[in-house]
Amino acid sequence: MAGVHPSLLQRERACQRGARRGVVDPARVELPGVLGKRVDLTVTQGDDLGQVGAIDRPEALRTLLVERDLLADNDAVAAHNRFQFAKAKTLVVNLLASPGAGKTALLEKTLHTFAKDCPVAVIEGDQTTSLDAERIRNTGVAAVQVQTGKACHLDAQMVRDALPSLPALPRGLLLIENVGNLVCPAGFDLGEHKRVVIASVTEGEDKPLKYPAMFATADLLVVSKIDLLPHLDFSVEKLVEHARRIRPGLPVLMLSAKSGAGLADWLHWLADERAHLV
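Residues numbered from 1 in each chain as written. Predicted model: local features only at pLDDT ≥ 70, side-chain atom pairs only at ≥ 80, totals over all residues. Heavy atoms only, no water.

Enquirer: Is there a simple way to explain the confidence of the model for the chain in this structure?
Expert: Detail in the predicted coordinates should be disregarded across regions flagged by low pLDDT. Per-residue pLDDT for the chain averages 82, and the proportion of residues at 70 or more is 75%. Within the model, pLDDT remains below 50 along residues 6-10, and this stretch shows 7 contacts once partners closer than five positions in the same chain are excluded. Note that residues 12-67 has pLDDT below 50 and, in this model, 62 contacts with residues that lie over four places away or in other chains. (pLDDT = per-residue confidence, 0-100. Contact = heavy atoms within 4.5 Å.)

What follows is the structure, given as structure tokens:
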């Protein structure tokens, strides 16, 4: 597919094969001692095959081939990325959120200020279009768009392949805006130093409970669009409580890219994290 990253082809075919066979994703099956073997599991028809628990009511048989971790190759490339970033003392931040949570708006505000102090660049991840990358370039900051096609996340190889299109960032900052999704991106290490999850006040306080993997890997929770709080029935306290139930002690910042409230705290956090590397 034109414009779609080539590393997606093998994964897409594997996902399609798995979907046709009705099998559990091998990367999510943890069965010590059976790597590379076939395992017969009885699963009640209609039950979620990801919950391998209904084996006392055998109505359907599924045969699983337990393979090596499908993420092993990604993790190897992520380790390479992380080494290169560390060598250049470049802080890399992976921004994760639902569509419309305000990632790009926050980036625009961030770049207007932060780009004055150090080299900065952005990698944009979207399934199609280059709209977000164009918005970033309008700030004067270099940006490269990665189109993921049917995939709902960036991976480490996509990031590695995007880097030659960006300027060198010695002692600088690389911001990665991942595909808008609270599920898939959580499982893919890009080689970043920090993961920031952005949750807008328009989304509901239960997001951490519905998508725990995303919040469990976060280094910072940013509550966005707080200028809308007077118009919403939303409890920031409940959101934070739920998030910290998943990841105890998770730091939280509240801000509005529109009004500018809280932006100083966000910029200070970035500067602080960068200072740890420089």
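Enquirer: What exactly am I supposed to notice about the sheet that holds strand 6 (residues 173-177) here?
Expert: Note on sheets: strands pair through backbone hydrogen bonds, and any given pair is parallel or antiparallel. Strand order in this open sheet of 7 strands is 5-4-6-3-7-8-9, and the pairing throughout is parallel. In this open sheet, the two edge strands, each paired with only one partner strand, are strand 5 (142-147) and strand 9 (252-254). When the angles between neighbouring strand axes are averaged without regard to direction, this sheet yields 20°. Both strand 3 (residues 91-97) and strand 6 contribute to a ladder of 5 bridges, which runs parallel. (Pairing = 2+ DSSP bridges. Helix = DSSP H or I, 4+ residues; strand = E, 2+ residues; numbered from the N terminus. Axes fitted to C-alpha atoms, helices over the stretch in contact; angles between N-to-C directions.)

Enquirer: Just checking my understanding: could you explain the pairing of strand 7 (residues 194-200) for this structure?
Expert: Both faces of the sheet carry side chains from a regular strand, because those side chains alternate between them. The buried fraction of strand 7 is high, at 6 of 7 residues. In the sheet, strand 3 pairs with strand 7 via 5 bridges, with the strands oriented parallel. Paired with Val93 across the strands is Lys194, a residue of strand 7. Sheet topology places strand 7 next to strand 8 (residues 220-224); 5 bridges connect them, and they run parallel. Bridging across to strand 8, Val196 finds its partner in Leu220. (Buried < 20%, exposed > 50% of the residue type's maximum accessible area, 1.4 Å probe, protein only.)

Enquirer: Looking at this structure, how should I read helix 8 (residues 236-246)?
Expert: Given 3.6 residues to a turn, an α-helix orients residues that are three or four positions apart in the same direction. Within helix 8, the full set of buried residues consists of Val236, Leu239, Val240, His242 and Ala243. For helix 8, the angular spread of buried residues about the axis comes to 165°, placing them on one side. Looking at helix 8, the residues exposed on the side facing more than 90 degrees away from the buried face are Glu237 and Arg245. (Arc of directions from axis to C-beta.)

Enquirer: Looking at this model, I keep getting lost on the pattern of salt bridges. Mind explaining?
Expert: In a structure, side chains of opposite charge can pair up when their charged atoms sit close to one another. Tallying each qualifying case throughout the model produces 7 salt bridges. The salt bridge involving Lys194 is made with Glu273; its shortest N-O contact spans 3.8 Å. Separated by 79 residues along the polypeptide, Lys194 in strand 7 and Glu273 in helix 9 (residues 263-277) bring together distant segments of the chain. Since its relative accessible area comes to 23%, Lys194 is described here as partly exposed. Among the residues examined, Glu273 registers a relative accessible area of 14% and is labelled buried. In this structure, the salt-bridge partner of Asp206 is Lys210, at a minimum N-O distance of 3.2 Å. Asp206 gets classed as partly exposed once you look at its relative accessible area, which sits at 28%. (Salt bridge = Lys/Arg side-chain N within 4 Å of Asp/Glu carboxyl O.)

Enquirer: It is not clear to me how the packing of aromatic side chains should be interpreted in this structure. Could you clarify?
Expert: For any pair of aromatic rings, the description consists of the separation of the ring centres together with the inter-plane angle of the planes. Applying the stated criterion to the full structure yields 1 aromatic pair. Ring geometry for Trp266 against Trp269: centres 5.7 Å apart, planes inclined by 10°, an arrangement best described as stacked. Of this pair, Trp266 and Trp269 both sit in helix 9, 3 residues apart, roughly one helical turn. For the pair shown, Trp266 and Trp269 are each scored as buried. (Phe/Tyr/Trp six-rings, centres within 6.5 Å; stacked < 30°, edge-to-face > 60°.)

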